[in-house]
Amino acid sequence: MKTLPMKKLLFVIPPYFNAADYLDKTRAAVLPAFTIPYGILSMEAYLRAQCARLEDLRLLDLNVTLKRLVEERAVDGYEDVFRAELHAVLADFQPDIVGVSALFNSSFGYIQTLAQAVKAFCPQILTIAGGGLPSAAFKLMLEACPDLDAICKGEGELPLKALLDADDPAEVLAAHKSWVTRDGVQAGKVPAHSFIANLDEIPQMNYAMLDLDHYNNRGIDKKYTDQPKREMAIHTSRGCPFLCVFCSNPSLHGQDVRFMSVERIIADVTRMRDDFGMTVLMLEDDHFFHDKARAKTLLRAMADLGIRCEFPNGVAVYAIDEEVAELFSKAGVSAVALAVESGSDHVLNHIIKKPLKKKLIRPAVEALRKFDVRSHVFIVTGLPGEQDEHRQETLEMLIENGFDWVHVYLAIPIFGSRLYDICVEKGYIENTDNANFVATRSVIRAPGVDPVKLEAYAYETQLRVNFLENYNMKIGRYDLALNYMKNVVAKYEDHAFGHLYVALCYRGLGDAAQAAFHAAAAREVFARDAWWRTLAERYGVDYESLLAAPAAGMAPLSALSAA
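What counts and what doesn't
- Residues numbered from 1 in each chain as written.
- Predicted model: local features only at pLDDT ≥ 70, side-chain atom pairs only at ≥ 80, totals over all residues.
- Heavy atoms only, no water.
- Helix = DSSP H or I, 4+ residues; strand = E, 2+ residues; numbered from the N terminus.
- Expected span 1.5 Å × (residues − 1).
- Buried < 20%, exposed > 50% of the residue type's maximum accessible area, 1.4 Å probe, protein only.
- Contact = heavy atoms within 4.5 Å.
- Polar contact = N/O pair within 3.5 Å; in protein donor to acceptor, adjacent residues only side chain to side chain.
- Core = buried A, V, L, I, M, F, W, Y, C linked by side-chain atoms within 4.5 Å.
- Pairing = 2+ DSSP bridges.
- Right-handed = clockwise from strand over helix to strand, strands pointing away.
- Axes fitted to C-alpha atoms, helices over the stretch in contact; angles between N-to-C directions.
- Parallel < 35°, antiparallel > 145°, perpendicular 65-115°, else oblique.
- Left-handed = near helix turned anticlockwise from the far one by under 90°.
- Nonpolar A, V, L, I, M, F, W, Y, C, P; charged D, E, K, R; others polar.

### Considering helix α19 (residues 451–468)
Since the α-helix turns once every 3.6 residues, residues separated by three or four places project in the same direction.
Moving on, step 1. With 18 residues, α19 should cover 26 Å at 1.5 Å per step; its first-to-last C-alpha distance of 24 Å lies within 8% of that length.
Moving on, step 2. Residues Pro-451, Leu-454, Tyr-457, Ala-458, Glu-460, Thr-461, Leu-463, Arg-464, Val-465, Asn-466, Phe-467 and Leu-468 constitute the buried set of α19.
Moving on, step 3. Residues of α19 that are buried in the fold lie against β13 (374–381), α17 (388–401), β14 (405–410), α21 (478–491), α22 (496–508) and α24 (530–538).
Moving on, step 4. Capping of α19 at its N-terminal end is provided by Asp-450; its side-chain oxygen lies 3.0 Å from the backbone amide nitrogen of Val-452.

Here it is as structure tokens:
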């Protein structure tokens with residue numbers, strides 16, 4: 001009987017941030033929290049269970065390397081560090097296939113460098129790519145990355161099983177509907193999805209292949225920042241029926257929503273708690289409330305698990321009422337990010353194409369507040385067609401609704417989104433360097449969209465709503481506001497408004513020593529940084545008077561509001 005050759009597969013995750021932005025000694029930016037590579041964990045579990053010819057599988061996440069370099073302030077030669085680390089893993093593991101997994105445009109520039117390093121080590125290694133970015137930009141990526149052999153469309157479990165178990169991998173790459181090569185592109189092939197319909201078929205995941213300490217800072221409820229915790233993520237469904245203009249989800253998971261059973265979810269979460277010490281569950285579904293009855297059943301079932309839960313990816317506002325808010329509270333949900341995106345009905349309905357009316361936002365926030373669930377909100381600005389009056393509507397909505405924290409992002413034309421297609425067709429992308437495709441930069445220049453003004457609008461809107469108009473400070477809940485303010489100054493030690501409002505919170509709580517410490521820090525930053533003084537003058541923030549006022553003058557917060 002002929003013995004079939006076994007194969008080794010190495011997954012590599014390139015940084016999904018532009019390394020140069022974070023390694024500059026003068027830059028104040030803080031790396032965003034890293035997300036557990038859930039897709040790779042899913043593929044690892046499925047392939048180990050289903051493949052007849054998989055010998056071993058490993059993962060190299062270069063985001064972890066980038067984090068280390070940032071912490072060490074190692075500003076030179078980061079690409080050489082990436083290549084050296086990859087080379088060491090290749091030499092030790094000797095893989096037959098190297099798969100690069102990339103989600104966002106900002107990873108584009110790394111992929112050819114990594115594929116080239118693999119081919120330089122051993123030309124016979126098959127180099128493949130998958131994830132949201134390669135799925136949507138397969139033509140461009142195969143053209144720009146000559147050392148990349150093939151790309152997988154969408155989810156990878158089934159296509160990778162076919163590839164690993166094949167006698168002739170080249171035949172699978174040519175014939176399988178989800179794989180595409182340069183020859184396939186030239187022949188006009190358009191790759192298609194291969195989905196697992198029943199997510200329960202995917203075995204429980206091997207979290208032991210990760211150092212979970214690297215993925216433990218994604219939580220949005222800053223009340224728990226200083227407390228010991230173990231965050232872990234789960235996706236209880238795949239797919240989203242909506243076609244929001246900025247989203248590329250359909251290119252990866254499709255529009256049909258597939259579910260994991262409630263029983264399977266509870267078993268997985270219990271195992272995560274008992275075997276891996278998980279204390280915070282991050283529910284990262286694209287549309288958790290697609291089946292609202294199922295969502296309620298799951299929340300009821302989670303109430304007895306003794307863990308805390310968060311929804312960091314954004315939850316549909318229209319699904320939240322008092323019943324759901326109470327279920328959140330009983331299930332240990334401490335914070336929910338609301339996928340609002342705009343405070344203008346015109347933008348929501350005619351530009352984003354989102355099934356949301358602005359009038360639904362306040363009832364959802366009030367329901368969450370009633371049951372002590374923190375409400376965050378995501379705003380996306382800079383979409384073609386959005387005008388100044390729409391942005392003003394958004395600002396007013398943010399102030400009126402009293403969210404616990406506001407995140408304003410600049411629209412990114414992600415490969416696979418309708419926004420990308422619109423921007424390419426209209427010639428709206430001003431800077432085509434994919435390293436600039438991050439949520440703090442505007443690369444779109446369209447009628448009514450000025451990149452420089454937009455970046456200032458996004459930053460200053462967050463300053464106004466989170467500091468000057470902070471809802472919790474207005475109602476005297478300095479304890480709630482303080483957690484968020486402290487998080488800001490911990491990350492950005494030269495944040496003048498951060499220190500100012502931390503001082504005001506401490507003073508409102510009667511902690512004179514901490515109030516004095518941060519007041520001194522605020523004065524020092526204002527004194528040496530004209531930019532902060534200009535912002536204070538623009539918005540009528542008389543920081544000297546505020547810092548000199550007695551604690552009794554803390555309520556209400558109207559003295560801090562924008563002029």
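### Points about the nonpolar core
Moving on, step 1. Core analysis: the biggest nonpolar cluster contains 146 residues, and Leu-47, Leu-281, Phe-328 and Leu-383 have the highest contact counts within it.
Moving on, step 2. Those residues in contact with Leu-47 that lie beyond four places of it in its chain are Leu-9, Leu-54, Leu-57, Glu-157, Leu-160, Lys-161 and Leu-164.

### Points about unusual backbone geometry
Moving on, step 1. In this structure, Gln-94 is a non-glycine residue whose phi angle is positive, near 55°.
Moving on, step 2. Secondary-structure assignment places Gln-94 in the loop between α4 (78–93) and β3 (97–101).
Moving on, step 3. Look at Gln-94 and you get partly exposed, because its relative accessible area is 45%.
Moving on, step 4. Unusually for a residue other than glycine, Asp-372 sits at a positive phi of about 60°.
Moving on, step 5. Secondary-structure assignment places Asp-372 in the loop between α16 (361–370) and β13.

### A look at the pairing of strand β4 (residues 126–130)
Moving on, step 1. When you tally the buried positions in β4, you get five out of five residues, the bulk of the element.
Moving on, step 2. Relative to β4, β3 is paired through five bridges, and the arrangement is parallel. By the bridge assignment, Val-100 is partnered in β4 with Ala-129.
Moving on, step 3. Handedness of the crossover is the feature at issue here: the chain leaves β3, passes through helix α5 (residues 108–121), returns alongside β4, and the resulting connection is right-handed.
Moving on, step 4. When β4 meets strand β5 (residues 150–152), the two strands line up parallel, connected through two bridges. When the bridges of β5 are listed, Ile-128 appears paired with Ala-150.

### A look at the packing of α16 against α17
Between two packed helices, what matters for the description is the angle formed by their axes and the separation of those axes.
Moving on, step 1. Viewed as axis vectors pointing N to C, α16 and α17 meet at an angle of 30°, and their least axial separation amounts to 10 Å. Taken together, the axes of α16 and α17 are roughly parallel relative to one another. The handedness of the crossing between α16 and α17 comes out as right-handed. Touching Ile-361, Arg-362, Val-365 and Arg-369 of α16 are Met-397, Glu-400 and Asn-401, all from α17.
Moving on, step 2. Its residues assigned to classes, the contact of α16 with α17 comprises three nonpolar, one polar and three charged.

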